[in-house]
Amino acid sequence: VVDSVSLRDFEKIHGFIDLTSLTTLDTKESVWKMVDRVNDFEGTRPDVANVAAICVYPNFVETVRQALTAEGVRIASVAGGFPAAQTFTEVKIAEVAMAIMQGADEIDIVINVGEMLQGHFDQMANEVEVLRQEASDVTLKVIIESGALLTPDLIRNASLLSMMAGADFVKTSTGKIDIAATPEAAVIICEAIRDYYQKSGRKVGFKAAGGIRTAEEAALYYTIVEEIL
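Just so it is clear, the structure is predicted and the values come from calculations on it, not from any experiment.

### As for the packing of helix H6 (residues 121-134) against helix H8 (residues 152-164)
For step 1, the next point in the chain: Contact geometry of H6 with H8 gives a least axis separation of 9 Å together with a crossing angle of 40 degrees. It follows that H6 is oblique to H8 by the angle criterion. In this structure, H6 crosses over H8, and the sense of that crossing is right-handed. From H6, Phe121, Met124, Ala125 and Val128 reach across to H8, where they touch Leu154, Asn157, Ala158, Leu161 and Ser162.
For step 2, the next point in the chain: A per-class count over the contact of H6 with H8 returns seven nonpolar, two polar and no charged.

### Some remarks on helix H1 (residues 7-14)
For an α-helix, the turn length of 3.6 residues means that residues three or four places apart are oriented alike.
For step 1, the next point in the chain: Within H1, the full set of buried residues consists of Asp9, Glu11 and Ile13.
For step 2, the next point in the chain: The secondary structure elements touched by the buried residues of H1 are helix H10 (215-228).

### A closer look at the packing of aromatic side chains
For step 1, the next point in the chain: Across all of its chains, the model carries two aromatic pairs by this definition.
For step 2, the next point in the chain: Between Phe16 and Tyr222, the aromatic rings sit 6.3 Å apart at their centres with planes inclined by 20 degrees, giving stacked as the arrangement. With a gap of 206 residues between them, Phe16 in the loop between H1 and strand E1 (18-20) and Tyr222 in helix H10 connect regions that are remote in the sequence.
For step 3, the next point in the chain: Classification of Phe16 by relative accessible area gives exposed; the value is 54%.
For step 4, the next point in the chain: Since its relative accessible area comes to 10%, Tyr222 is described here as buried.
For step 5, the next point in the chain: Taken together, a centroid distance of 6.1 Å and an interplanar angle of 70 degrees make the contact between Tyr57 and Phe82 edge-to-face.

### Quick word on the pairing of strand E4 (residues 106-110)
For step 1, the next point in the chain: Among the five residues that make up E4, five are buried, leaving the element largely enclosed by the rest of the structure.
For step 2, the next point in the chain: As defined by bridge partners, strand E3 (residues 74-78) adjoins E4 across three bridges and the pair is classed as parallel. Residue pairing across strands places Ala76 opposite Glu106, the latter belonging to E4.
For step 3, the next point in the chain: The parallel pair E3 and E4 is bridged by helix H4 (residues 89-102), and the resulting crossover is right-handed.
For step 4, the next point in the chain: Looking at chain direction, E4 and strand E5 (residues 139-143) are connected through five bridges and run parallel. Its bridge partner lying in E5, Ile107 is registered against Leu140.

### Concerning the state of the cysteines
For step 1, the next point in the chain: Taken as a whole, this structure holds zero disulfides when the rule is applied.
For step 2, the next point in the chain: Looking at the unpaired Cys55, the closest cysteine sulfur is the one in Cys190, lying at 19 Å.
For step 3, the next point in the chain: Given the relative accessible area of 1%, Cys55 is considered buried.
For step 4, the next point in the chain: Of the residues examined, Cys190 reaches a relative accessible area of 0% and is grouped as buried.

Quick notes on the rules
Residues numbered from 1 in each chain as written. Predicted model: local features only at pLDDT ≥ 70, side-chain atom pairs only at ≥ 80, totals over all residues. Heavy atoms only, no water. Axes fitted to C-alpha atoms, helices over the stretch in contact; angles between N-to-C directions. Helix = DSSP H or I, 4+ residues; strand = E, 2+ residues; numbered from the N terminus. Parallel < 35°, antiparallel > 145°, perpendicular 65-115°, else oblique. Left-handed = near helix turned anticlockwise from the far one by under 90°. Contact = heavy atoms within 4.5 Å. Nonpolar A, V, L, I, M, F, W, Y, C, P; charged D, E, K, R; others polar. Buried < 20%, exposed > 50% of the residue type's maximum accessible area, 1.4 Å probe, protein only. Phe/Tyr/Trp six-rings, centres within 6.5 Å; stacked < 30°, edge-to-face > 60°. Pairing = 2+ DSSP bridges. Right-handed = clockwise from strand over helix to strand, strands pointing away. Disulfide = S-S within 2.5 Å.

Set out below in structure tokens:
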């Protein structure tokens, strides 16, 4: 697969990355230094786009906004009780709203995996729809935590339900559980995105996240998207 990916493809992939820090050890200083890396990259390689976004916890969105000078780089924030999503819907709504108020252009939320595993599909989708309404003016990426869903049918159903509830992107994983992104899950999600587009006419994006450490791994997911979408 990687042999079929050109140098130009690798250069494009750089522009699809969300540079991310989501750890217990994050501080305003460490986040500012991460943003400086993005600022410093600007203009050094005219042939390579800067990263797509910088992704942080909600309380660091304002720090990113203050530090970011690079053009065209968006500010993304996880919200809604990331990574477990085990809190009250009202708390999730408030966190999404506060992240946007601080300057987030993109919001990444996690579905209620427990509801999916119990077959309570309506409840899961309804919560995504409520958060979609709160995030109506920004990009919404919905993380289905594919490694926890166990079966291809659940991965596909979670993807379709998320799109029907308004997701702009379906994202594989939080990276916070043992099984993160896998090529098998990526294929299922991309096929669901394709089928949804053919029926609805609305294009939804795909985001692979968690455990992708090398350029070769990134190229594999890029090729899956190219082949299916």
